[in-house]
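Summary of structural features
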Amino acid sequence: MTAVLPSRASGAGAASTAPDAETVYRPADPIDLAGTLAPLGRGPYDPTTAWDTGGLWRTWRTPEGAATIRIRRSPAEGGIAAAAWGPGAGWAIEQLPALLGRGDDWTGLDAGRHPLLRDSLHRNPGLRLAKTGRMLEALLPAIIEQRVTSLEAYRSWARLLRWYGEPAPGPAPDGMRVSPTLEQWRGIPSWEWHRAGVDPRRARAVQAVLAVATSLERAVERSASLADAETALQTIPGVGLWTAAETLQRSHAHPDLVSVGDYHLAHQVGEALTGRRVDDDGMLELLEPWAGHRQRVVRLIFASGFRFQRRGPRVTLQDHRWH
């Protein structure tokens, strides 16, 4: 990876488009850019994430402030080029290798145990687990996604970001937003959570996190292991196994946590590995041979293109704004 380069903008017009920091990352192994970074977006309406034919636009609330990062393949430069704007641009650029899976070691994963996994790994050699390093930005949308359909949760997240998020720095696509600061999250009144479609139970869980966010982030970062980090998250009322897993998979690239309690995941894993549906206990039993790599196995199943057969009526969308 090259050094972080400061902006060379000159003149009033150039300042808005020239990056505040940029680099070219040249990993030793191939990187599947889309497969690695896709889990960061929270659905098609997410104002923090935008894909185009060139690559990814992503906003971040970094420790240094707001940032927009643009990530794209650059064959001419022999790697993956990134440019960033905003007060947090330097931090975002420094985080790029971890975001693209540096340190995510798949060598101990025995994909040969199952033909679907073996084939998926062969066809997706650059798949990695992305590490954002931002626990709160992963935890809050995970709480909003609890026990509702993905579409409902995605709409709620997008509404909150549109109403309270900061416009993305730099030449980001129209409508992109940076997640609110901790103080801004805390200042959102209860009726606005309701108007966004977040029911009181989930809103209370968000408020419980926000009340101790600084100490919680410190506890997670100082944890001696990822297991301890998972335990720390679950000390907060309303944060259980599923929410902790969804958070640490993104913020810390946890290679083994599985989203137990997910509405569809056990069906997907069961049918992919055995041809039949299983419940959460059955899913964990099936994944046990890959202990230490279970999240990687889940990612390979999704990357394979396999989709389980849906049965029965779809879950009815609920509009929590009117009750």
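Residues numbered from 1 in each chain as written. Predicted model: local features only at pLDDT ≥ 70, side-chain atom pairs only at ≥ 80, totals over all residues. Heavy atoms only, no water.

Right, let's talk about the pairing of strand 2 (residues 21-25) for a bit. Counting buried positions over the five residues of strand 2 gives four, a clear majority of the element. The sheet contact formed by strand 2 and strand 6 (residues 79-85) spans five bridges and is antiparallel. Across the sheet, residue Tyr25 finds its bridge partner in strand 6, namely Ile80. (Buried < 20%, exposed > 50% of the residue type's maximum accessible area, 1.4 Å probe, protein only. Helix = DSSP H or I, 4+ residues; strand = E, 2+ residues; numbered from the N terminus. Pairing = 2+ DSSP bridges.)

As a further point, take helix 9 (residues 213-221). Residues Ala213, Leu216 and Val220 constitute the buried set of helix 9. Considered in projection along helix 9, the buried side chains sweep an arc of 60 degrees and stay on one side of the axis. Along its buried surface, helix 9 packs onto helix 4 (135-144), helix 6 (182-186), helix 8 (200-211) and helix 10 (226-233). (Arc of directions from axis to C-beta. Contact = heavy atoms within 4.5 Å.)

Okay, the pattern of salt bridges next. With the rule as written, the count across this model stands at twelve salt bridges. The partner of Asp52 in a salt bridge is Arg70, with the nearest N and O atoms 3.1 Å apart. One end of the pair, Asp52, is in strand 3 (residues 49-52); the other, Arg70, is in strand 5 (residues 65-74), and 18 residues separate them in sequence. Given a relative accessible area of 37%, Asp52 falls into the partly exposed group. In this structure Arg70 comes out as buried when scored by relative accessible area, which is 14%. Between Glu77 and Arg72 there is a salt bridge, with its nearest N and O atoms 3.9 Å apart. (Salt bridge = Lys/Arg side-chain N within 4 Å of Asp/Glu carboxyl O.)

Right, let's get into unusual backbone geometry. Phi at Arg147 is positive, roughly 55 degrees, even though this residue is not glycine. Relative to the helices and strands, Arg147 resides in the loop between helix 4 and helix 5 (150-164). Phi is positive for Ala253, close to 50 degrees, though the residue is something other than glycine. Structurally, Ala253 is set in the loop between helix 11 (241-251) and helix 12 (265-274).

So, about the nonpolar core. The biggest cluster of nonpolar side chains holds 34 residues, and the ones touching the most others in it are Trp185, Trp193, Val209 and Leu233. Going through the elements one at a time, helix 4, helix 5, helix 6, helix 8, helix 9, helix 10 and helix 11 are the ones with two or more residues in this core. Looking at which element gives the most residues to this core, the answer is helix 4, with six residues. Filtering out sequence-adjacent residues up to four positions away, Val209 remains in contact with Leu136, Leu139, Leu140, Ile143, Leu216, Ile236 and Val239. (Core = buried A, V, L, I, M, F, W, Y, C linked by side-chain atoms within 4.5 Å.)

Here the focus is a negative patch on the surface. Taken together, the side chains of Asp279, Asp281, Glu285 and Glu288 make up a negatively charged region of the molecular surface. Tracing the sequence through the fold places Glu285 in helix 13 (residues 280-287). Looking at Glu285, the relative accessible area reads 64%, which means it is exposed. (Patch = residues over 30% accessible without salt bridge, like charges linked within 9 Å, V, L, I, M, F, W, Y side chains within 5 Å. Areas by Shrake-Rupley, 256 points an atom, 1.4 Å probe, with all protein chains shown as cover. Lys, Arg positive; Asp, Glu negative; His and termini not counted. Charge placed at Lys NZ, Arg CZ, Asp CG, Glu CD.)

This paragraph deals with the confidence of the model for the protein chain. Overall, the predicted model of the protein chain reaches an average pLDDT of 92, with 91% of residues at or above 70. Taken together, the stretch residues 7-15 has pLDDT below 50 and engages in seven contacts with residues farther than four places along the chain or on a different chain. (pLDDT = per-residue confidence, 0-100.)

So, on to the environment of Asp199. Mapped onto the elements, Asp199 comes out in the loop between helix 7 (190-195) and helix 8. Residues Asp199 and Glu166 lie 33 residues apart in sequence; the distance between their C-alpha atoms is 24 Å. Of note is the side chain of Asp199, whose polar atom sits 3.0 Å from the backbone nitrogen of Arg201. (Polar contact = N/O pair within 3.5 Å; in protein donor to acceptor, adjacent residues only side chain to side chain.)

What follows concerns the side chain of Thr68. Structurally, the position occupied by Thr68 is in strand 5. For Thr68, a relative accessible area of 0% puts it in the buried group. Polar side-chain contacts of Thr68 include one of 2.8 Å to the backbone oxygen of Pro169.

Let us look at the side chain of Thr243. Relative to the elements of secondary structure, Thr243 occurs in helix 11. We classify Thr243 as buried; its relative accessible area is 2%. Within the local environment of Thr243, its side chain forms a polar contact with the side chain of Gln146, the two groups lying 2.7 Å apart.

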